[in-house]
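Listed below are the residues making up each chain.
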Amino acid sequence: MDSPFQQYLDTNYMPTVDEAKHIQALLEISGQSLRRIDTEIDQLQRQLDLLQEKRFGIHDFAERHRALLSPARKLTQDIVEEIFIACLPEGRNPYMNATEAPMLLTRICSSWKRIALSTPRIWSAIHIVLPDIRKVEYPVPNYFSMEEELVIRTLNRQQAAVKEWLDRSGACPLSISVYPMPDPRYLTHNNDAEAEAYYDAKQKIQLLHQQFFHDTILPYHQRWYSLDVSFFMDALRGSLLEIGLKTEDLKMLKEFYISRKAHHGFEQPICQWKDIISFFL
């Protein structure tokens, strides 16, 4: 906009009384123009909002109809099942985690969930991480007994989930790995009482882990194909012998590993398939 005061703009010039009146009149004209433009903008914005809403509806309509032409809809169930199997992790058993297959496949859509739940092969392998005591630097009173109660509740939920998982596997050979959480037993304790409370709770939890194996994993022994566990050998041998298990009851078993904690905290295999016969001697 042209202004008769162009030369004074952005300066320290002090206008006269008549000039101030002229400037005030210019401001009134500018205000009227701004209000008129704002009204036009509001009208255009309402029209734009209506057009955007209309566009969204048409786009949604088109996308939903385009989905009907998706090539994935032409895949037969047996092909989808093979794709699901290819989604499983390589080199290890799948975790019980909703962020990876097979659990992830049940969370995409209802049709995928139906196919996943009816595909035994994707449920024939599982890695189970058993809850354990969490070591803290300064435990509160009764901390380890509270941790023990937490482990019991977690194991109860986990037992139901594992059973549901393995039941979905139908008659498939099973690949199972069972390990406790990383064990901080070799960290220094603050005092003797804390150490005693920790080891007492630890022994109880080890028994709970062994009971979990006995109640949850052992019933599926006739379908064991690969078994990888971290338990004390005597306890595992006792669980196997308790039900009178014999080598002929393990016809599917091809891989068998038992590991124990090394002092540095890593797993060391101490028993493999070739040694399994020693369990029954």
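Above this text is the structure in question.
Per-chain numbering applies: the sequence of each chain, read as written, is numbered from 1 onward. Thresholds applied to this predicted model are a pLDDT of at least 70 for local features of residues and 80 or more for the giving and counting of side-chain atom pairs; totals over whole chains, interfaces and linings are not thresholded and use all residues. No hydrogens and no water enter the side-chain calculation; it runs on all heavy atoms of the structure.

Before going further, it helps to examine the overall build of the chain. Per the convention used, a helix needs a DSSP run of H or I reaching at least four residues, while a strand needs a run of E reaching at least two, with both numbered from the N terminus. Scanning the chain from terminus to terminus reveals 6 helices and 5 strands. Listing the helices and strands of the chain from first to last along the sequence gives α-α-α-β-α-β-α-β-α-β-β. Any residue under 20% of the maximum accessible area for its type is buried, any over 50% is exposed, and the rest in between are partly exposed; the area is computed with a 1.4 Å probe on protein chains only. Classification of the 281 residues of the chain by burial places 32% in the buried group. Contacts were defined at the residue level, with two residues in contact if any of their heavy atoms lie within 4.5 Å. Excluding contacts between residues fewer than 6 apart, the proportion of contacts in the chain whose partners are at least 24 apart in sequence is 67%. For the chain, the computed accessible surface area is about 18700 Å², with 56% contributed by carbon and sulfur atoms. Surface accessibility in these figures is a Shrake-Rupley result with a 1.4 Å probe; residues are shielded only by whichever protein chains are displayed.

Okay, the pairing of strand S1 (residues 125–130) next. Here S1 lies mainly inside the structure; 5 of its 6 residues are buried. Pairing of S1 with strand S2 (residues 174–180), which is carried by 6 bridges, proceeds in the parallel orientation. The partner of Ile 126 across the bridge, within S2, is Ile 176. Strands are labelled as partners when DSSP assigns at least two bridges between them.

So, on to the side chain of Ser 226. Positionally, Ser 226 belongs in strand S3 (residues 224–230). For Ser 226, a relative accessible area of 9% translates into the label buried. For Ser 226, the side chain forms a polar contact with the side chain of Glu 255, separated by 2.9 Å. Every residue in contact with Ser 226, bar those within four places of it in the chain, is listed here: Leu 174, Ser 175, Ile 176, Leu 253 and Glu 255. Identification of polar contacts relies on pairs of N or O atoms within 3.5 Å, with a donor-acceptor requirement for protein atoms, meaning one able to donate a hydrogen and the other able to accept it, and with residues adjacent in sequence counted only if both atoms are side-chain atoms.

A word on unusual backbone geometry. In this model, Ala 101 is joined to Pro 102 through a cis peptide bond whose omega is 5 degrees. Checked against the element boundaries, Pro 102 lands in the loop between helix H2 (77–86) and helix H3 (110–117). The phi dihedral of Asp 10 falls on the positive side, at around 60 degrees, and the residue is not glycine. When you line up the elements, Asp 10 lands in the segment before helix H1 (17–67).

So, about H2. Of all the residues in H2, the buried ones are Val 80, Phe 84 and Ile 85. For H2, the buried positions fall inside an angular range of 145 degrees around the axis, keeping them on one side. The arc under discussion is defined with respect to the helix axis, by the directions toward the C-beta atoms.

This part takes up the packing of H2 against H3. Where helices are involved, their axes are fitted lines through C-alpha atoms of the stretch in contact, as for all axes, and angles between N-to-C directions lie from 0 to 180°. The interhelical angle for the contact between H2 and H3, taken along N-to-C directions, is 80 degrees, at an axis separation of 10 Å. When the interaxial angle is binned, H2 and H3 end up roughly perpendicular. Touching Gln 77, Val 80, Glu 81 and Phe 84 of H2 are Trp 112, Arg 114, Ile 115 and Ala 116, all from H3. Basically, the charged four are Asp, Glu, Lys and Arg, the nonpolar ten are Ala, Val, Leu, Ile, Met, Phe, Trp, Tyr, Cys and Pro, and anything else, Gly included, counts as polar. Among the residues making up the contact of H2 with H3, the classes are represented as 5 nonpolar, 1 polar and 2 charged. Small angles under 35 degrees read as roughly parallel and large ones over 145 as roughly antiparallel, with 65 to 115 read as roughly perpendicular and the rest as oblique.

Aromatic contacts are taken between Phe, Tyr and Trp rings whose centres are within 6.5 Å, Trp giving its six-membered ring; a plane angle under 30 degrees counts as stacked, one over 60 as edge-to-face, and the others as tilted. A full pass over the atoms with the stated rule returns 4 aromatic pairs. With a centroid separation of 3.8 Å and 10 degrees between ring planes, the pair formed by Tyr 8 and Tyr 13 is classed as stacked. Classification of Tyr 13 by relative accessible area gives partly exposed; the value is 34%. Between Phe 84 and Trp 112 the ring centres are 5.3 Å apart and the planes differ by 65 degrees, which places this aromatic pair in the edge-to-face class. Taken as a pair, Phe 84 in helix H2 and Trp 112 in helix H3 lie far apart in primary sequence, 28 residues in all. Judged by relative accessible area, Trp 112 falls into the partly exposed class, the value being 35%. Here, over-ring charges are defined by two tests on the NZ atom of lysine or the CZ atom of arginine: distance to the ring centre within 6 Å, and angle to the ring normal within 35 degrees. In this arrangement the basic side chain of Arg 168 is found over the ring face of Trp 123, its NZ or CZ atom lying 4.5 Å from the centre.

Turning our eyes to something else, we now look at the nonpolar core. Buried Ala, Val, Leu, Ile, Met, Phe, Trp, Tyr and Cys residues form a nonpolar core when they are joined through side-chain atoms within 4.5 Å. Membership of the largest hydrophobic core comes to 34 residues, with the highest contact counts inside it found for Ile 122, Ile 128, Leu 166, Ile 176, Ile 217, Trp 224 and Leu 227. Sorting elements by how many residues they give to this core places helix H4 (residues 143–167) first, with 5 residues. Apart from the residues within four sequence positions on either side, Ile 122 is in contact with Phe 84, Ile 85, Leu 88, Pro 102, Leu 105 and Ala 116.

When the charged atoms of two side chains lie near each other, side chains of opposite charge can form a pair. The salt bridge definition used is simple: a Lys or Arg side-chain nitrogen within 4 Å of an Asp or Glu carboxyl oxygen. Under the defined criterion, the tally for this structure stands at 6 salt bridges. The shortest N-O distance in the salt bridge between Glu 82 and Arg 121 comes to 3.2 Å. Here Glu 82, found in helix H2, pairs with Arg 121, found in the loop between H3 and S1; they are 39 residues apart in sequence, far enough to count as distant. For Glu 100, the salt bridge goes to Arg 92, with nearest N and O atoms at 2.8 Å. Residue class for Glu 100 comes out buried when judged on its relative accessible area of 16%.

Looking now at a nonpolar patch on the surface. The patch calculation keeps residues exceeding 30% relative accessible area without a salt bridge and links them within 9 Å when they carry like charges or within 5 Å when they are nonpolar (Val, Leu, Ile, Met, Phe, Trp, Tyr). On the surface, Leu 75, Ile 79 and Ile 83 cluster together to form a nonpolar patch covering roughly 230 Å² of accessible area. With respect to the helices and strands, the residue Ile 79 is situated in helix H2.

What follows concerns the side chain of Ser 177. Considering the arrangement of structural elements, one finds Ser 177 in strand S2. For Ser 177, a relative accessible area of 6% puts it in the buried group. Setting aside chain neighbours within four positions, we find Ser 177 in contact with Asn 93, Ile 126, His 127, Ile 128 and Asp 228.

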